[in-house]
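Remarks on the overall topology
Spelled out, the chains give:
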Amino acid sequence: MLKIFILASVFFGFGWYSQSYISFVSKKNVLSSLDKIKAKKRLDVIILNSPTVYYMGPEKEMGFEYELLSSYAKEIGVDLNLTVVNTVDKALELSKEGFGDITAAGLSVTKQRQEDFIFGPKYFLVQEQMICHKDMYKQKNFPKDMEDLSGLNVVVGKKTSYAQTLHRLETLYPKMKVVYDANESTESLLEMVWKKEIDCTVADSNIFSINQRYYPELSMAFAVSERKHLAWILRKNDSSLKNDLYMWINRCEQTGKMAELRDFYYSYLNIFDYYDTKIFHKRLKSRLPQYETYFKEAGKKYKIPWVLLAAQSYQESHWRANAKSHTGVRGMMMLTLNTAKSLGVKNRLDAKQSIFGGAKYIAKMEKRFGSEVKGKNRMMFALAAYNVGMGHMHDAQTLARRLNKNPYSWRDIKTVLPLLSQKKYYKQLKYGYARGNEPVRYVSAIHQYADIIYKYKK
C-alpha cells in the first residue's frame, strides 16, 4: 500500500511538474511583437499618401514619417513593406482589422482614439486650424471664430481628429453645420477650399503650411484646438515594439537625426510670400514649359533631380534666358564669364548651354565635399557653395568645428553661415567676410520652389 502511495505521489508529482515545465517553456517560447517582426524580416506598415507622411518624390519615395519608418526598419534589420491608403478613415479601418504592424497617417493622439488604439511614442506637435479662402475677406464673411461659421459650408474628413473636435464643438455652437466626408482626404478638401467648392475645412498646422505653397489663396482663420502630439498606432499590446520605438526615437533626438529630418521637411515652411508664390505659379505655366526638356536632360546627365535644377534656375533668373545682374553674371543659371568658360559654355544667353553648365557646376561642387557630408546634406552644401563660393563654405565648416557644431550637417552649417558677416568671426577665417544669410535663404527658396514644381507636375 505504501508503495502504491509513493508511486502515485511520484506520478502525480511528476505530472504537475511536467505541466508546469511545459507551461514555462511555452511562455518562454511565445514571441513578442518585435520578435515576430524580426522573424518575418519585414515591418508591415499602413501609411497615408500625403505630403507630410509619404509620397513619391522626383527620384524616390519621400515623406517625414516614411523616412522615420525606413530608418527604424534598417535599425532592426528588416524590410519595410507599405500598404498605401488615401484617407485617415481607411487607415483606421485597416488598423481596427489588425492589418500590419504599425499605422503611420499623421495621427494626433486623442482621448477617443486612445480608447480604440495603442499608440507608440509621440514624435511631432501640431495644432488643428480652420482654413478658408482669402477671397472671403472681400466678401466680408471670413470667419474670425466658431460663431462666424454659421451659414458656411464646412467639410472635414470623417473619423479624423478634426471630426472629433468639431463634434464636441457643435453642442456649443448649434448654428454651425459641418459635413463629415468619408471619401476625401484633408489635402483634397484643402484643394476644394482653394477652388471655392467649399468654404472652409480643418487641417493640422503642418499640413496647412505645406499645402499653402500649392494653394497660396488658402488662409488660416483661427485655431480650433490646443496643440496635439502625433504618434503611430501599434497593433499588439505587448511592450516590446513600443519600448524599442521609444528608445530608438530617443536616440534619434540625441544624435540630431530627428531634428535634421524636421529641418529638411518643415524649416523652409516658415518663409511664405503670398505674392512671390502667386507669380511663381503663373510662371510655371508661362515659362517652365519652354525649358523643361533641358532641365530633365541635364538632371539625368548629372544625376540631379530635374525639379531641383529647375527650382535653382528660377531662384537665379526667374527662368529668363537673357537675365543679367549688376555683377556681370548672366543667363538661366547666372554664370560668371570665367565659370562659363571653365564649364565649356560658349554662350551664357543660350538657355540649353546655361542649364547644362549650371548642372555640371553643381555636380562639381557636390563632389568637392568629403564623404563625411552624407545624404540630403550633400546637395544642400553644393547649392550653398554655388551661391556663396566653396571657400566660404569651408570657412563655415571651420567655424562650426570651433563652435562645437557639426561641420557636415546642413542643419548646423546654416546657423553658422550668417556669422561670416560678423567681424569677430570672419577676421579669423581664410576667406574673410561673406553675406552668410544669402546662401541660407537661397537654399530654402530652392527647396520651396522645387516642392511646388513637383506638386504641379505630378
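Residues numbered from 1 in each chain as written. Predicted model: local features only at pLDDT ≥ 70, side-chain atom pairs only at ≥ 80, totals over all residues. Heavy atoms only, no water.

**Some thoughts on the overall build of the chain**
Quick note on the threshold: A helix here means a DSSP run of H or I that spans at least four residues, while a strand means a run of E at least two residues long, and both kinds are numbered starting from the N terminus. Every residue pair with non-hydrogen atoms within 4.5 Å of one another is taken to be in contact. Here, Shrake-Rupley sampling with a 1.4 Å probe gives the accessible areas, and only protein chains in the shown set may cover a residue. The convention is simple: Lys and Arg are positive, Asp and Glu are negative, and His and the chain ends are not counted. The atoms used to mark charge sites are NZ of Lys, CZ of Arg, CG of Asp and CD of Glu.
If you tally the helices and strands in the chain, you get 21 helices and ten strands. Sequence separation of at least 24 residues holds for 69% of the intrachain contacts in the chain that already meet a minimum separation of 6. Total accessible area computed for the chain in this model is approximately 23400 Å², and 51% of it derives from carbon and sulfur atoms. The positive charge centre, built from 72 side chains, and the negative charge centre, built from 46, are 8 Å apart in the chain.

**Looking at the state of the cysteines**
What counts is decided by this rule: Working definition: a disulfide is two cysteine sulfur atoms within 2.5 Å of each other. Working definition: with a 1.4 Å probe on protein chains only, accessible area under 20% of the residue-type maximum means buried, over 50% means exposed, and in between means partly exposed.
In the structure shown here, the tally under the stated rule is one disulfide. Disulfide pairing is shown between Cys 132 and Cys 200; the S-S distance is 2.2 Å. The sign of the 110° torsion about the S-S bond sets the Cys 132-Cys 200 disulfide as right-handed. In this pair, Cys 132 is assigned in strand E6 (residues 118-133) and Cys 200 in strand E9 (residues 200-204), connecting sequence segments 68 residues apart. Assigned by exposure class, Cys 132 and Cys 200 land together as buried.

**Observations concerning the environment of Gln 114**
As for its position among the elements, Gln 114 is in helix H5 (residues 111-116). Remark: the alpha-carbon pair of Gln 114 and Gln 428, spanning 314 residues in sequence, is separated by 56 Å.

**Topic: the packing of aromatic side chains**
What counts is decided by this rule: Between 30 and 60 degrees the pair is tilted, below 30 it is stacked and above 60 it is edge-to-face, where a pair is any two Phe, Tyr or Trp rings, Trp via its six-membered ring, whose centres lie within 6.5 Å. In our convention, an over-ring charge means Lys NZ or Arg CZ found within 6 Å of a ring centre and within 35 degrees of that ring's normal.
Enumeration over the complete set of coordinates arrives at 22 aromatic pairs. Ring geometry for Phe 280 and Trp 319: centres 5.6 Å apart, planes at 35°, overall tilted. With Phe 280 in helix H12 (residues 274-286) and Trp 319 in the loop between helix H14 (306-317) and helix H15 (337-343), the pair connects residues that are 39 residues apart, well separated along the chain. Like Phe 280, the residue Trp 319 is buried in the burial classification. Through successive ring pairs, a cluster of aromatic residues spans Phe 64, Tyr 123, Phe 124, Trp 232, Phe 264, Tyr 265 and Tyr 266. Residue placement shows Lys 296 over the ring face of Trp 306; its charged tip is 5.2 Å from the ring centre. A cation sits over an aromatic face here: Lys 376 above Phe 264, 4.9 Å from the ring centre.

**A word on the nonpolar core**
The following threshold applies: Only buried residues count toward a nonpolar core. Its members are Ala, Val, Leu, Ile, Met, Phe, Trp, Tyr and Cys residues joined through side-chain atoms within 4.5 Å.
In terms of nonpolar packing, the biggest core is built from 145 residues, with Met 130, Phe 295, Trp 319 and Ile 453 touching the most fellow members. Considering every element that reaches this core, the biggest residue donor is helix H21 (residues 437-457), with ten residues. With residues near it in sequence (within four places) discarded, Phe 295 still touches Leu 288, Trp 306, Leu 309, Ala 310, Ser 313, Trp 319, Met 332 and Ile 355.

**Points about helix H3 (residues 64-75)**
Using the following cut-off: In this scheme, a helix's expected span is set at 1.5 Å multiplied by one less than its residue total.
Taking 1.5 Å of rise per residue, twelve residues should cover 16 Å, and H3 covers 17 Å from first to last C-alpha, within 8% of that figure. The buried fraction of H3 amounts to nine of the twelve residues, a majority that puts the element mostly inside the structure. Of the residues making up H3, those classed as buried are Phe 64, Glu 65, Tyr 66, Glu 67, Leu 68, Leu 69, Ser 71, Tyr 72 and Ala 73. Count one or two residues on from H3 and you reach Gly 77, which has phi positive near 75°.

**Description of the confidence of the model for the chain**
Selection criterion: Per residue, pLDDT measures the predictor's confidence, with a range of 0 to 100.
The pLDDT averaged across the chain works out to 89; a share of 92% of its residues lies at or above 70. Scored below 50 in pLDDT, residues 1-27 makes two contacts in the model with residues more than four places away or belonging to other chains.

**Quick word on the packing of helix H13 (residues 288-302) against H14**
When two helices pack together, their arrangement is captured by the angle between the axes and the distance separating the axes. Note the cut-off: Only the stretch in contact is used when a helix axis is fitted, and all axes are lines through C-alpha atoms; the angle between N-to-C directions ranges over 0 to 180 degrees. To sort the angles, those under 35 degrees are grouped as roughly parallel, those over 145 as roughly antiparallel, those from 65 to 115 as roughly perpendicular, and the leftovers as oblique. The sense of a crossing depends on the near helix, which, turned anticlockwise from the far helix by less than a right angle, makes the crossing left-handed and, turned clockwise, makes it right-handed.
H14 packs onto H13 with a crossing angle of 125° between their chain directions and a minimal axis gap of 8 Å. Considering their axes alone, H13 and H14 lie oblique with respect to each other. In the packing of H13 onto H14, the handedness of the crossing is right-handed. Each of Leu 288, Glu 292, Phe 295, Lys 296, Ala 298 and Gly 299 in H13 lies in contact with H14, whose residues at this interface are Trp 306, Leu 309, Ala 310 and Ser 313.

**Thoughts on the pairing of E9**
Where we set the bar: In this analysis, strands are considered paired if DSSP registers two or more bridges between them.
Most of E9 sits out of view: five of its five residues are buried. In E9, alternate side chains face the same way, and those of Cys 200, Val 202 and Asp 204 on one face and Thr 201 and Ala 203 on the other are all buried. In this structure, E6 lies alongside E9, joined through five bridges in antiparallel fashion. Across the sheet, the residue bridging to Gln 129 is Ala 203, located in E9.

**A closer look at the environment of Trp 232**
One can find Trp 232 in strand E10 (residues 218-234). Between the C-alpha atoms of Trp 232 and Val 109, which are 123 residues apart in sequence, the distance is 8.9 Å.

**Examining the packing of helix H17 (residues 376-388) against helix H18 (residues 390-402)**
Using the following cut-off: Side-chain classes are defined by residue name, with Ala, Val, Leu, Ile, Met, Phe, Trp, Tyr, Cys and Pro counting as nonpolar, Asp, Glu, Lys and Arg as charged, and the others, Gly among them, as polar.
Running from amino to carboxyl end, H17 crosses H18 at an angle of 125°, the nearest separation of the two axes being 7 Å. Regarding the angle of H17 to H18, the classification is oblique. Note on element contacts: H18 touches H17 through Met 390, His 392, Met 393 and Gln 397, opposite Phe 381, Ala 384, Ala 385 and Val 388. Looking at the contact of H17 with H18 residue by residue, the class counts come to six nonpolar, two polar and no charged.

**A short note on helix H8 (residues 186-194)**
Along an α-helix, residues three or four positions apart point the same way, because every turn accommodates 3.6 residues. For H8, a buried count of seven out of nine residues is recorded, marking the element as mostly surrounded by other parts of the structure. Three or more residues of H8 are buried, namely Thr 186, Glu 187, Ser 188, Leu 189, Leu 190, Met 192 and Val 193. Looking at the residues trailing H8, positive phi occurs at Lys 196, about 65°.

**Looking at the pattern of salt bridges**
The condition is simple: Throughout this description, the term salt bridge denotes a Lys or Arg side-chain nitrogen within 4 Å of a carboxyl oxygen of Asp or Glu.
Overall, the coordinates contain 19 salt bridges when judged by the stated rule. Among the salt bridges present, the one from Glu 292 reaches Lys 457, with a minimum N-O distance of 2.9 Å. On the criterion of sequence distance, the pair formed by Glu 292 in helix H13 and Lys 457 in helix H21 is long-range, its members being 165 residues apart. Given a relative accessible area of 38%, Lys 457 falls into the partly exposed group. For the salt bridge of Asp 412 with Arg 411, the shortest nitrogen-to-oxygen distance reads 4.0 Å. Judged by relative accessible area, Asp 412 falls into the buried class, the value being 16%.

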